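Structural characterization, general
As a plain string of letters, each chain reads:
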Amino acid sequence: MCGIAGRISTGVGPVGHDIVELAACMRHRGPDSTGFAIYGAPRESGLVIRAFLDDRGALGSALDALQVVTKEAGSDFAADPTWDHTTQQHVLVRAQVNDVDDLAAWTLAAEKQTGLQILSAGRSLEIIKDVGDAREVDAKHHVSSMTGTHALSHMRLATESLVSPIASHPFWARPFPDVCIVHNGQLTNYYKWRRRLEHDGYHFSSENDSELIAVWNSVQMAGGHTLEESLRASVRELDGVFTYLLGTADSIGMAKDRWAMKPLIGVRADDGIALATEEQALRSLYRQEIAMINYDGPSLTEVWTAAQPCGRVA
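Our subject in this report is the structure included herewith. (Residues numbered from 1 in each chain as written. Predicted model: local features only at pLDDT ≥ 70, side-chain atom pairs only at ≥ 80, totals over all residues. Heavy atoms only, no water.)

1. Observations regarding the overall build of the chain
- Tallying secondary structure elements over the chain gives eight helices and 17 strands in all.
- The C-alpha atoms of the chain give a radius of gyration of 18 Å, which matches the 20 Å a tight globule of 314 residues would have.
- Dimensions of the chain along its principal axes, counting C-alpha atoms only, are 50 × 40 × 40 Å.
- Of all 314 residues assigned to the chain, the portion counted as buried reaches 58%.
- Here the contacts in the chain between residues at least 6 apart in sequence split such that 71% fall between residues at least 24 apart.
- One way to put it: in the chain the 28 positive side-chain charges average out to a point 4 Å from where the 40 negative ones average out. (Helix = DSSP H or I, 4+ residues; strand = E, 2+ residues; numbered from the N terminus. Rg over C-alpha atoms; globule rule 2.2 N^0.38 Å. Buried < 20%, exposed > 50% of the residue type's maximum accessible area, 1.4 Å probe, protein only. Contact = heavy atoms within 4.5 Å. Lys, Arg positive; Asp, Glu negative; His and termini not counted. Charge placed at Lys NZ, Arg CZ, Asp CG, Glu CD.)

Next up, the structure:
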């Protein structure tokens, strides 16, 4: 039932606005929580961190502890952290840090604080996710004002876990910077691959199969495979029904399972690429007559880059 969407702009553009519009049109697919991944202009150095803390009252002590952990990793805050100013019990934090020696170790050390979870880390990636529909999340976190090169979104109908930001998509492919996923479907060999990846030293923040797909692809790419090769391999190795969009620092990749049960529609236009589970979402950006592409086929993969958003079939 969940919905996914993606947007690539030709150059740095209003991807925040566009991805909110795409998500808002698919509220009926999942109003419990909504998440966004925004890829801004990449930094030459340092990382932007997005984090979740379950107790707003502990914010001051949590930030102090996070700074200590960051200094122990050979880094420090590059600017004062910021956070949302809602009345919710939980709080979403944004921090800029200088490069750390070991991002995986830093993430584990940071999350030793009770109630803290790192939502994303990278030179350009920022994951913002919260309870509520797209308009409600945008009102709380001002996603529509963010600019960048590409973006993803997910509308979640909670069926198997709590309604919480940390149970929502997108999921960061920890500890790989700038990689994340939105996913519609489910895996049937999830535990097989989770055991293998944990044996190799990878850690997961949830029991969500979407997070595993993101890490699985990142491991393939870290081993020397291209994004296209990894997507094709995922269709062979990951069992289940799925359509997912994988974001990297400069691209969005798509893969559909061998049964092609989960829909995806796209538009290629002068101002970039738009992707969504439903055509009506695309019409929120393109009200004039424009050709729609129905990505309807088994074992289908494709990659679009921010530099060349016309796309290429993998």
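2. Some points on the environment of D54
- Checked against the element boundaries, D54 lands in the loop between β3 (47–53) and α2 (59–72).
- Exposure remark for D54: the relative accessible area of 37% places this residue in the partly exposed category.
- Along the backbone, D54 and Q88 are 34 residues apart, and their C-alpha atoms lie at a distance of 9.4 Å.
- Excluding anything up to four places from it in sequence, D54 contacts Q89, H90, T114 and G115.

3. Quick look at the pairing of strand β16 (residues 301–305)
- With five of five residues buried, β16 lies mostly within the body of the structure.
- Residues T301, V303 and T305 of β16 are buried on one face, and the alternating residues E302 and W304, pointing to the opposite face, are buried as well.
- Examined bridge by bridge, strand β12 (residues 251–256) and β16 share five bridges and lie antiparallel to one another. Along β16, the bridge assignment pairs S251 with T305. (Pairing = 2+ DSSP bridges.)

4. Focus: the packing of aromatic side chains
- Throughout the structure, instances matching the rule amount to five aromatic pairs.
- With centroids separated by 5.8 Å and ring planes inclined at 85°, the aromatic side chains of W193 and W216 adopt a geometry described as edge-to-face. Here W193, found in helix α5 (residues 190–199), pairs with W216, found in helix α6 (residues 209–222); they are 23 residues apart in sequence, far enough to count as distant.
- W193 sits in the buried class, given a relative accessible area of 10%. (Phe/Tyr/Trp six-rings, centres within 6.5 Å; stacked < 30°, edge-to-face > 60°.)

5. Points about the layout of surface pockets
- Each pocket or cavity is described by its volume, and for the second largest pocket that value is around 160 Å³.
- Top element by residues in the lining of the second largest pocket is strand β5 (residues 91–97). It accounts for three residues.
- Among the residues making up the lining of the second largest pocket, the classes are represented as four nonpolar, three polar and four charged. (1 Å grid on protein atoms, 1.4 Å probe; cavity = no way out; pocket = protein on both sides within 12 Å on 5 of 7 lines; lining within 4 Å. Points joined across faces, edges and corners; volume = space filled by probe spheres on them. Nonpolar A, V, L, I, M, F, W, Y, C, P; charged D, E, K, R; others polar.)

6. A look at the packing of α5 against α6
- Viewed as axis vectors pointing N to C, α5 and α6 meet at an angle of 50°, and their least axial separation amounts to 10 Å. As far as their axial angle goes, α6 and α5 are oblique. With respect to the hand of their crossing, α5 and α6 are arranged in left-handed fashion. Side by side, α5 and α6 meet where Y190, W193, R194 and L197 of the first sit next to D209, L212, V215, W216 and V219 of the second.
- Grouping the amino acids of the contact of α5 with α6 by side-chain chemistry returns seven nonpolar, no polar and two charged. (Axes fitted to C-alpha atoms, helices over the stretch in contact; angles between N-to-C directions. Parallel < 35°, antiparallel > 145°, perpendicular 65-115°, else oblique. Left-handed = near helix turned anticlockwise from the far one by under 90°.)

Taken by themselves, the reported measurements are silent on function.
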